[in-house]
Amino acid sequence: GAGVSQSPSNKVTEKGKDVELRCDPISGHTALYWYRQSLGQGLEFLIYFQGNSAPDKSGLPSDRFSAERTGGSVSTLTIQRTQQEDSAVYLCASSAINYGYTFGSGTRLTVV
Amino acid sequence: SQKIEQNSEALNIQEGKTATLTCNYTNYSPAYLQWYRQDPGRGPVFLLLIRENEKEKRKERLKVTFDTTLKQSLFHITASQPADSATYLCARPVIFKTSYDKVIFGPGTSLSVIP
C-alpha cells in the first residue's frame, strides 16, 4: 500500500494476557521502527530493524516485549503478560535512506 | 546522553502571523534534524529534514534553520492558518553521522493558530 499500515487500530486486553501488534511498512523501505506514546507524552523508542542486520532492541522496556520482522517486511511487536503501564499508543514507522519516517496511525492498547 | 528540548509552553498565535518553534539539543551536533507534525490521535507526519551543513531549508510556508554553534534549530511557519494548529516534533539521530539510525524525539510544541 501507499502508507504504513498497523493493526489492530485499538486493542483492549486484560492484565496478564499476551498481545500481538502488526505493522506493514512501505514496500522498499528497509528500515522499520517501533515507538510508543503514552497519553500526553513524547515518543519513546522501542526497537529498530535495518535490512538483515541484528535489530537494535535497546529501547525495549522489559523482557516481556519482543519484536520480529519477517522477510524484511511485516513486523510484529509482542507484549507478554501485559501490565497496566503498557497502555499506550504503539507507533510503527518505516523509512528510506536519508529521509524522514513514515508513521502508521498506531495501535491504541488499553490494559484493564 | 543526547537530549532534545522544545518550547515547553503551548504557543498561541494570531492567524497570518509567523510562528517560530525552538528545538535545542545537547552533546554533539547530529548529521541532521527532522521536523514532524502530529495531530491528535494520529501518527507524526514528516515535514522537513535539514542537514548540519545546511543553514536553512524551505518548503512552501515552512522554514527550518540549523545553528550548530547554538545547538539549535528553529522552525517557522509564515502566514499561519488555523489548519496549522497541531503539535510539532523535532527529532535527531542518536548515532553520529550515519545514514540510517533511530531518532529520538523532543516532547513537542503545541501550536494553536487563532482565527
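Refer to the preceding data block for the structure.
Not measured: the values here are computed from a predicted model.

Counting secondary structure elements, chain B contains zero helices and eleven strands. Mapped from its N terminus to its C terminus, chain B presents α and β elements in the order β-β-β-β-β-β-β-β-β-β-β. Expected size for 115 residues packed as a compact globule is a radius of gyration near 13 Å; at 14 Å, chain B falls within 12% of this value. Projecting the C-alpha coordinates of chain B onto the three principal axes gives extents of approximately 40 × 30 × 20 Å. Contacts in chain B between residues at least 24 apart in sequence constitute 56% of all its contacts with a sequence separation of at least 6. Carbon and sulfur atoms provide 50% of the accessible area of chain B, an area that totals close to 5,500 Å². Computing the positive centroid from 15 side-chain charges and the negative centroid from 11, chain B places the two 4 Å apart.

Here the focus is the state of the cysteines. Residues and elements named next belong to chain A. Counted by the stated rule, this structure contains two disulfides over all chains. Between the sulfur atoms of Cys-23 and its disulfide mate Cys-92 the distance is 1.8 Å. Negative torsions about the S-S bond denote left-handed disulfides, and the value of about -65 degrees found for Cys-23 with Cys-92 makes this one left-handed. With Cys-23 in strand S3 (residues 19-24) and Cys-92 in strand S8 (residues 88-95), the pair connects residues that are 69 residues apart, well separated along the chain. For the pair shown, Cys-23 and Cys-92 are each scored as buried.

Bringing the sheet that holds strand S6 (residues 56-59) of chain B into the picture now. Residue and element names in this part refer to chain B. Here we have five strands laid out as an open sheet, ordered S1-S3-S8-S7-S6, and antiparallel in their pairing. Either end of the sheet is taken by a strand with one partner, and the two such strands are strand S1 (4-6) and S6. Each neighbouring strand pair of the sheet contributes to a mean axis angle of 15 degrees, computed without reference to strand direction. Two elements, S1 and strand S3 (residues 19-25), share three bridges in a ladder whose sense is antiparallel. Bridging across to S3, Gln-6 finds its partner in Cys-23.

Before going further, it helps to examine the environment of B:Glu15. All names here are of chain B. When you line up the elements, Glu-15 lands in the loop between strand S2 (11-14) and S3. Residue classification places Glu-15 among the partly exposed residues on the basis of a relative accessible area of 40%. With 65 residues separating them along the chain, Glu-15 and Ser-80 place their C-alpha atoms 5.3 Å apart.

What follows is about the environment of B:Asp67. Residues and elements named next belong to chain B. Inspection of the secondary structure assignment puts Asp-67 in strand S7 (residues 62-67). Residues Asp-67 and Thr-18 lie 49 residues apart in sequence; the distance between their C-alpha atoms is 20 Å. Ignoring any residue separated from it by four or fewer positions in sequence, one finds Asp-67 in contact with Tyr-25 and Gln-72. A polar contact is formed between the side chain of Asp-67 and the backbone nitrogen of Leu-70, at a distance of 3.0 Å.

Attention shifts here to the sheet that holds strand S1 (residues 5-7) of chain A. Residue and element names in this part refer to chain A. The strand order S1-S3-S7-S6 describes an open sheet built from four strands, whose pairing is antiparallel. Both edges of this open sheet fall to S1 and strand S6 (65-69), since each of them pairs with a single strand only. Neighbouring strand axes in the sheet, compared pairwise and without regard to direction, differ in orientation by 15 degrees on average. Alignment of S6 against strand S7 (residues 75-79), held across five bridges, turns out to be antiparallel. Within the sheet, the bridge partner assigned to Ser-66 lies in S7 and is Thr-78.

Contact with chain A, which involves 22 residues of that partner, is made by 17 residues of chain B. Joining chain A to chain B, the criterion identifies one salt bridge. One salt bridge in this structure joins B:Lys102 and A:Asp56, with 2.5 Å as the shortest N-O distance. On inspection of chain A and its partner chain B, the count reaches five residue pairs in polar contact (both at pLDDT 80 or more). Only strand S4 (31-37), strand S5 (43-50), S8 and strand S9 (101-103) of chain A provide two or more residues apiece to the side of chain A that touches chain B. In terms of residue class, the side of chain A that touches chain B is made up of twelve nonpolar, nine polar and one charged.

Criteria and thresholds
Residues numbered from 1 in each chain as written. Chains lettered and ligands numbered in written order. Predicted model: local features only at pLDDT ≥ 70, side-chain atom pairs only at ≥ 80, totals over all residues. Heavy atoms only, no water. Helix = DSSP H or I, 4+ residues; strand = E, 2+ residues; numbered from the N terminus. Rg over C-alpha atoms; globule rule 2.2 N^0.38 Å. Contact = heavy atoms within 4.5 Å. Areas by Shrake-Rupley, 256 points an atom, 1.4 Å probe, with all protein chains shown as cover. Lys, Arg positive; Asp, Glu negative; His and termini not counted. Charge placed at Lys NZ, Arg CZ, Asp CG, Glu CD. Disulfide = S-S within 2.5 Å. Buried < 20%, exposed > 50% of the residue type's maximum accessible area, 1.4 Å probe, protein only. Pairing = 2+ DSSP bridges. Axes fitted to C-alpha atoms, helices over the stretch in contact; angles between N-to-C directions. Polar contact = N/O pair within 3.5 Å; in protein donor to acceptor, adjacent residues only side chain to side chain. Salt bridge = Lys/Arg side-chain N within 4 Å of Asp/Glu carboxyl O. Nonpolar A, V, L, I, M, F, W, Y, C, P; charged D, E, K, R; others polar.

Fair warning: the whole summary comes from geometry, so function is off the table for now.
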